[in-house]
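Chain and residue survey
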Amino acid sequence: MAFYRNRAIHEFRGDLDQRAARQIVLWIDHLLALLEEASPAQPSLV
Amino acid sequence: MPARDAKSPFAEFIAAFLATKESAKELAPKSVSDYGRLLREFDVYTERTDLESALTMANAKNWLREKRADGLNAAINATMYLKSFGMWACKEGYKCGPENVSVLFHLRAPKGKKRVRHALTQQQLDAIWKALADPSSPGGPRATALLRLLLATGLKRSATRTLLLDDFQIDAKGRRGHIIVRKKPYTDVGARKLRLDARTVAAVRAYVDVRPEYAGKLPEPLLLSKDQKGFTENGFGSWVQRITDYIEAETGIPWTTEDMRFTAKEEAKAIIRDPELREKCTEPLEKLEGDTNYEDAVMDACKILEVRVRTVSNPPHEHRSGWKLMQFAFAEPKPAVRISGDPNEQEAHCRCTPD
């Protein structure tokens, strides 16, 4: 959880109001979509 | 009223035209005054001659060419005002063109540039807040308060001009609050109570703390002009334009109040696409009552992300959670999962520091 709190602090200067929380959840939503493309069958392109 | 004909001075027709528009309630008082101002300008341009000599296609085109120097919108408005006057003059029987239509029937307004509204990114917003915090910013805390209000509420800028000080309410803990938006002062009919986040409340409070004493009649507006009164429509428009110009000059972001409004609306509309995330987070995010802890929604989202990242990256035991997991999964130079071909974008997803 520390990672995410830090991310929130970085992006929103630590003040987790409704708007900031929404932004973080939408950012995670975007990240989940990217993860879906990088499926477990081909976990890494490196 | 003396009888007029096409040989009467053009100026005499202006008042009659405006009176017709006013009595038919076709125009708002401000528009009446704008029409009057522009038509008087046209009268001066045509050397205060009679209607017959003044109202010609050649005069109209030449005058509008000069008006272009005042800007595209000024030229468009001037064209439409003059065309409206021409139609009226024909309808009243003072002067018509050959086909019994206005002599300016074929006059075309210059084409306006269609500006596409865009939602501002978090980085752009940060740059705007930073520019506004600069002491050289026009309006200082007042400008920040206005922009924060626009972003928090999605209100039109004209509605922010008439917000009342008493309608700005801070909650018991002093962090968040509300603003009531009224159709008319003193009446609750059609009034809307809009929620304000902590940053907006802080910005409005910062402005209220340094705001000069109000010197006008009640009710007291929230945003005051520099002469300590409520803004006039024109005064407000000029001030907002100065802020817009300043922001664009300082940040390079072509910005309008409409963009801020659009950003608010887009954010409210943005839906969570991932079904699990949507199911877990929508409700805690939408809760408005009391001192809601939005961290619940973030916590749930983080847990889902952690499980997915773990599944995809298959980390060793010591990297199974928190920032270590994210570093293992995404950090350059050897991320376990590549989610972007752009190293900066890839890095952005694990920009983190340990506790």
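Since we're looking at a predicted model, the values are computed, not measured. (Residues numbered from 1 in each chain as written. Chains lettered and ligands numbered in written order. Predicted model: local features only at pLDDT ≥ 70, side-chain atom pairs only at ≥ 80, totals over all residues. Heavy atoms only, no water.)

**Examining the nonpolar core**
Counting 38 residues, the largest nonpolar core has I128(B), L146(B), L147(B), I243(B), W255(B) and M260(B) as its most contacted members. When residues of this core are traced back to their parent elements, those giving at least two are α6 (122-133), α7 (141-153), β2 (177-181), β3 (192-196), α9 (198-210) and α10 (233-251) of chain B. In terms of residue count, the dominant contributor to this core is α7(B) (seven residues). Counting residues in hydrophobic clusters, the runner-up holds 31 residues, among them A38(A), L285(B), Y294(B) and A297(B). (Core = buried A, V, L, I, M, F, W, Y, C linked by side-chain atoms within 4.5 Å. Buried < 20%, exposed > 50% of the residue type's maximum accessible area, 1.4 Å probe, protein only. Helix = DSSP H or I, 4+ residues; strand = E, 2+ residues; numbered from the N terminus.)

**Regarding the sheet that holds β2(B)**
All names here are of chain B. Read across the sheet, three strands follow the order β1-β2-β3 without closing on themselves; strand pairing throughout is antiparallel. Two strands in the sheet have a free side with no partner beyond their single neighbour: β1 (168-170) and β3. Here the average twist between neighbouring strands, direction ignored, is 25°. In the sheet, β2 pairs with β3 via five bridges, with the strands oriented antiparallel. Bridge assignment links V181 to a residue of β3, and that residue is R192. (Pairing = 2+ DSSP bridges. Axes fitted to C-alpha atoms, helices over the stretch in contact; angles between N-to-C directions.)

**Some remarks on the pairing of β2(B)**
Residues and elements named next belong to chain B. Across the five residues of β2, four count as buried, placing the element largely inside the fold. One ladder, built from three bridges, connects β1 with β2; its direction is antiparallel. In the sheet register, Q169 faces β2, and the bridge partner there is H178. Where β1 hands over to β2, the hairpin turn is made up of six residues, of which G174 adopts a positive phi near 75°.

**Describing the environment of C281(B)**
Turning to its location among the elements, C281(B) is positioned in helix α12 (residues 275-286). On the basis of relative accessible area, C281(B) is assigned to the buried category, the value being 0%. Between the C-alpha atoms of C281(B) and A297(B), which are 16 residues apart in sequence, the distance is 4.9 Å. In contact with C281(B), other than residues within four places in its own chain, are V25(A), I272(B), A297(B), D300(B) and A301(B). (Contact = heavy atoms within 4.5 Å.)

**Description of empty space enclosed by the protein**
Considering all chains together, one arrives at one cavity of 30 Å³ or more under this definition. In this model, the largest cavity occupies a volume close to 50 Å³. Together, D17(A), R19(A), R148(B), L151(B), A152(B), D197(B), R199(B) and T200(B) line the largest cavity. Contributing elements (two or more residues each) for the lining of the largest cavity: α7 and α9 of chain B. Counting residues per element, the lining of the largest cavity draws most heavily on α7(B), which supplies three residues. (1 Å grid on protein atoms, 1.4 Å probe; cavity = no way out; pocket = protein on both sides within 12 Å on 5 of 7 lines; lining within 4 Å. Points joined across faces, edges and corners; volume = space filled by probe spheres on them.)

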